[in-house]
Amino acid sequence: MPDGCTKEGGIFSPSALQTRFLGFALRNPIISASSEVNLDKDLVISIIKAGVGGVVLKTWTSEQAFKIRIRPYQFPLGRINEAYKASGSFLSLSAPDIRSVEEYLSQLPQVVEICKGNGVLLIASFYERPKQIGKWVENARRLKDAGIDIIELNFSSPSAVSEFRANLRLAGVIIRSILDQVDVKVGVKISPDMEPLEQLVEDWEKAGIAYIAAHNAFSGIVVDTEKEEPFGAPCISGYAMGRAFLPISLARIVRIRRVTDLPIIGIGGVFSGSDALQYLLIGCELVGVSSAVFVEGRKVISHILDEISEWMSCKGYRSLADFKGKAFRLVESTSEVKSREQFPFAVPPLTPFIPKVKKDLCIRCYKCLDTCIYGVFEEADNGDVKVNDANCYSCGFCVGICPNGAIVLVQRKATDTVVWSGRGTAETFKQKERR
Ligand SMILES: Cc1cc2nc3c(=O)[nH]c(=O)nc-3n(C[C@H](O)[C@H](O)[C@H](O)COP(=O)(O)O)c2cc1C
Ligand code: SF4
Ligand code: SF4
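None of the values given here were measured: they were computed from a predicted structure. (Residues numbered from 1 in each chain as written. Chains lettered and ligands numbered in written order. Predicted model: local features only at pLDDT ≥ 70, side-chain atom pairs only at ≥ 80, totals over all residues. Heavy atoms only, no water.)

Participant: Would you mind showing me how to read the packing of aromatic side chains here?
Facilitator: The geometry of an aromatic ring pair is captured by two quantities: the separation of the ring centres and the angle between the planes. One pass over the full model with this rule turns up 16 aromatic pairs. With a centroid separation of 5.5 Å and 20° between ring planes, the pair formed by Trp-60 and Tyr-104 is classed as stacked. Placement of the pair is Trp-60 in the loop between β4 (54-56) and α2 (64-67) and Tyr-104 in helix α4 (residues 101-118), with a sequence separation of 44 residues. The exposure class of Trp-60 is buried, given its relative accessible area of 4%. With centroids separated by 6.1 Å and ring planes inclined at 90°, the aromatic side chains of Trp-136 and Phe-164 adopt a geometry described as edge-to-face. (Phe/Tyr/Trp six-rings, centres within 6.5 Å; stacked < 30°, edge-to-face > 60°. Helix = DSSP H or I, 4+ residues; strand = E, 2+ residues; numbered from the N terminus. Buried < 20%, exposed > 50% of the residue type's maximum accessible area, 1.4 Å probe, protein only.)

Participant: What should I look at first to understand the site of ligand 3 in this one?
Facilitator: Neighbouring ligand 3 are 13 residues, the closest being Cys-372, Cys-392, Cys-395, Gly-396 and Cys-398. Residues of the shell around ligand 3, tallied by class, amount to 11 nonpolar, two polar and no charged. (Near = heavy atom within 4 Å. Nonpolar A, V, L, I, M, F, W, Y, C, P; charged D, E, K, R; others polar.)

Participant: Would you mind going over the site of ligand 1 with me for this structure?
Facilitator: Every one of the 23 residues lining ligand 1 counts as a neighbour, but Lys-58, Thr-59, His-215, Gly-269 and Ser-291 are closest to it. Take Ser-34: an N or O atom from its main chain is 2.8 Å from an oxygen atom of ligand 1. Between ligand 1 and His-215, the relevant distance is 2.8 Å, taken from an oxygen atom to a main-chain nitrogen or oxygen of the residue. Contact with the protein chains hides 95% of the accessible area of ligand 1, taken as 610 Å² for the molecule alone. Counting atoms within 2 Å of the grid points, the majority share of ligand 1 lands in the second largest pocket. The set of elements that each furnish at least two residues to the shell around ligand 1 consists of β6 (90-92) and α11 (291-296). Looking at the shell around ligand 1 residue by residue, the classes come out as seven nonpolar, 13 polar and three charged. (Polar contact = N/O pair within 3.5 Å; in protein donor to acceptor, adjacent residues only side chain to side chain. Areas by Shrake-Rupley, 256 points an atom, 1.4 Å probe, with all protein chains shown as cover. 1 Å grid on protein atoms, 1.4 Å probe; cavity = no way out; pocket = protein on both sides within 12 Å on 5 of 7 lines; lining within 4 Å. Sits in = over half its atoms within 2 Å of the grid points.)

Coordinates in, geometry out; function isn't part of it.
Next comes the structure, spelled out in structure tokens:
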């Protein structure tokens, strides 16, 4: 049973996953984000067989300096420690597609045919030096002539990020120049540290982009403490953060959605159906997957799709539209939420909520004793957990840390009223009209 599924659903039709993006029909909203997974014809065939609804080809550029690829260049972090392994993190010094423009373009018609034959959306990704506007336009024209569906301007490649950061102003000029001269839909891929985000999005929307792909990965470096050396390559590289990336990417997508209705491809940290659903519930049209394919293999795509299908079935949803954006409508600004706080400066014992331990669920692991930094929990003589609620700050940490769901936060003055049980939004933040 997928996460959040509490009731048995009806019969689920795979057509429930079908969707549309910028007028193109897709068999499902999971796309293979740009990477070597989509490098050439044979690799594209493999990922299509794995079940994706769309493919963003490996980023291409004509600039030799950006294509330099050191080897080895892929460094999974599982050998460093278990936490990295569980998260799926790795360092990568991947560079754009090495092929010449002739080689790249000569294979494109076959890739186009394969995608069209399978009803799979085909997006081509490229970048050039920001000031070389003519090259951007020329590439866009050639890609359009080759039959690709959509173009993704990669303003986020780690190999060129400093050059883009210094020339972000030119992004609008690049977009306008392409759209003035080539009849094609153009989106922009952004990096997770591009600022001022809202301003850039508004500028690019005015320039005419059709969608935003958010996000590329961060940069990173890891030290191997056993060897006392940088891990993998002795330089900063791209850092696929694994699952830890998801909340960061999602938060920026909320910021983007507040200033535009442009479609968004949500990317970052998707390893499961429930990860992908987070992007759909926040309002993304499509969800991009990259690291998970490297770390888990292509089979991860069908696992993700199966989990989404099961979840929709058990929730009784018949199409993606039934729930897309549902969570976004409940997101408020942090200042709004703070402005409603009734006990903004309370200290114990005047804080509003205290933990309540459900005896029947407590497995006496004493994790709560170790982790409540205020010493609220104690082991009683009979082994039960005793609560010294006078010290409680009402922070809620213990609710989430208890491995068996034995702790809930209740009103200090009405201990039968639960305000936080560890799932969904805490009751205390829900406005009456939204309940
Ligand atoms: C090995 C590797 C190569 C990548 N190459 C590209 C690329 O050529 N163009 C691009 O836009 N993004 C590229 N990315 C970024 C991914 O498309 C994606 O935006 C990022 O990794 C975050 O998603 P994830 O958490 O699912 O990996 C690459 C990522 C990895 C791990
Ligand atoms: S963390 Fe939960 S299960 Fe463990 S002792 Fe505390 S209340 Fe009991
Ligand atoms: S709410 Fe915070 S302060 Fe209170 S018991 Fe739980 S962890 Fe400790």
